[in-house]
Structures are given as C-alpha cells and as structure tokens.
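The chain contents come next:
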Amino acid sequence: MSLSAAKIDELLRKTQRSAVHLEMRDGYMQDDPAFIAWKAGHRLDPSDRDSWWRPWLDVIAEATGRGVAIRRARIVSEPVSDYIRYEYDVTFPNVAAGEEVRWLPRRNASDLALPGNDFWLFDGRLVRWGHFSGDGDSLGGELSEDPAAVQLCAEAFEAVWASATPHEKYNV
C-alpha cells in the first residue's frame, strides 16, 4: 500500500488490538454539507438511529465487536469554535458504535509534547498522519512505521487521554 493511499477504514479492518486518534484542530472541512446543515439548525435525533447511522460507524462497530479498543481524543480551544460545538453534537454516534471519546482544553495541553499533525495510531506500530489545509480541508494522509514517530504518537496520545474529560462529562 502506498504511503499516501491508506484509508482509515482499510487500516481499521486490519487492526487487531487498538486504534487511537488524536485531533488537534479547531475546525475541519468548513464546506461539509453536514456542518452547514448543523449551522442552519439541523440536529441529529439520537432516538432515530436510522437517520444518523452511516457506513463509517459499521467499520467502528465491527472493529470494536472483535475486541479492538478505539479511542479518540480532541484538543480544543475554549470557548470552542462552531465546528467543535458541531463535532461535540455529532459525537454520540461514534460512542454508540463503540468508540471512546475524550476532550482536552488546549490550555491544559501546554506542557505536553505533541506531534505537528493529527494522527491515527494502529496497534501501536503504524501511524497515519492526517494533513490538512489552513481551512481544514483534507490533503490526504501519510503512513509511517518509524519507531520514533510511533513512540511520539503513543506517548502523546496517552498523555492527552490521561488529562482529558470523557465525552459524557465534557460541556461545550
């Protein structure tokens, strides 16, 4: 698989033990139709699962169903941006699929050594960096099995996780 071609869902299907995801931006994909609809007042109805369940959640549920621990941590500025408020509102489907999510106010991350890009770390051995434009549009990804990068990401994620607030206790 080329370094730039790996898709997260493909990598999750191959993951055996764990996948962690660290997000550090205050905004992504400003032209996302779902975000635009949210800004216009549309909200997901937690009681209407069919309206918000999507193929990505099948990938998460399948992985967690076979014992893969999936954790996501988000470092956010406070007060939060509209995009982070949107992410918070639409995180319950991720949790319903089996993902654990925590939030860390950026002011509480000042003394943490963090990589320069968002990442996924699969089975503690493979990093998938996420590259984004200044406006938050995805510019693709890059894979690394470099032991130093893997160690940096593993340590950074665990440090964030230890200080972060579980989704159900975080207030935006």
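Up top is the structure these notes are about.
Description of the structure in this document. (Residues numbered from 1 in each chain as written. Predicted model: local features only at pLDDT ≥ 70, side-chain atom pairs only at ≥ 80, totals over all residues. Heavy atoms only, no water.)

## Observations regarding the environment of L112
Right, so step 1: One can find L112 in the loop between β3 (100–105) and β4 (118–122).
Right, so step 2: Sequence-wise, L112 and A156 are 44 residues apart; in three dimensions their C-alpha atoms are separated by 7.0 Å.
Right, so step 3: If we skip the residues at most four places from it in the chain, L112 touches L104, A159 and V160. (Helix = DSSP H or I, 4+ residues; strand = E, 2+ residues; numbered from the N terminus. Contact = heavy atoms within 4.5 Å.)

## A few points about the pattern of salt bridges
Right, so step 1: Considering all chains together, one arrives at 11 salt bridges under this definition.
Right, so step 2: The salt bridge involving E23 is made with R74; its shortest N-O contact spans 2.7 Å. Taken together, the residues E23 in strand β1 (residues 18–23) and R74 in strand β2 (residues 69–76) connect sequence positions 51 residues apart.
Right, so step 3: Bridged by salt links that share partners, the residues E23, R72, R74, E87 and E99 form one connected network. (Salt bridge = Lys/Arg side-chain N within 4 Å of Asp/Glu carboxyl O.)

## What about the side chain of N94?
Right, so step 1: Positionally, N94 belongs in helix α6 (residues 92–96).
Right, so step 2: Those residues in contact with N94 that sit more than four places away from it in its chain are R54, W56, L57, R72 and E99.

## Some points on the packing of aromatic side chains
Right, so step 1: Tallying each qualifying case throughout the model produces 16 aromatic pairs.
Right, so step 2: The interplanar angle of 55° and the centroid separation of 5.6 Å between the aromatic rings of Y88 and W103 together place this pair among those described as tilted. Linking Y88 in helix α5 (residues 82–89) with W103 in strand β3, this pair joins segments that are 15 residues apart in sequence.
Right, so step 3: Using a relative accessible area of 0% as the deciding quantity, one classes W103 as buried.
Right, so step 4: Each ring, one from W103 and one from Y170, has its centre 5.5 Å from the other, and the planes form 10°; the classification is stacked. With W103 in strand β3 and Y170 in the segment after β7 (165–166), this residue pair connects regions lying 67 residues apart in the sequence. (Phe/Tyr/Trp six-rings, centres within 6.5 Å; stacked < 30°, edge-to-face > 60°. Buried < 20%, exposed > 50% of the residue type's maximum accessible area, 1.4 Å probe, protein only.)

## Points about the side chain of E87
Right, so step 1: Among the structural elements, E87 can be located in helix α5.
Right, so step 2: Apart from residues no more than four positions distant in its own chain, E87 is found in contact with E23, Y28, R74 and W103.

## Let's talk about the pairing of strand β6 (residues 138–144)
Right, so step 1: As paired strands, strand β5 (residues 126–132) and β6 are joined by five bridges and run antiparallel to one another. Note that in β6 the partner of V127 across the bridge is S144.
Right, so step 2: Between β5 and β6, which pair antiparallel one after the other, the connecting turn spans five residues, and G136 there sits at a positive phi close to 90°. (Pairing = 2+ DSSP bridges.)

## A few points about the pairing of β3
Right, so step 1: With six bridges joining them, β2 and β3 adopt parallel strand pairing. Across the sheet, R71 pairs through a bridge with E100, a residue of β3.

## With respect to the sheet that holds β5
Right, so step 1: Strand order in this open sheet of seven strands is β6-β5-β4-β1-β2-β3-β7, and the pairing throughout is mixed. For this open sheet the edge positions go to β6 and β7, each flanked by a neighbour on one side alone.
Right, so step 2: With six bridges joining them, β1 and β2 adopt parallel strand pairing. The residue bridging V20 from the neighbouring strand is R71, located in β2.

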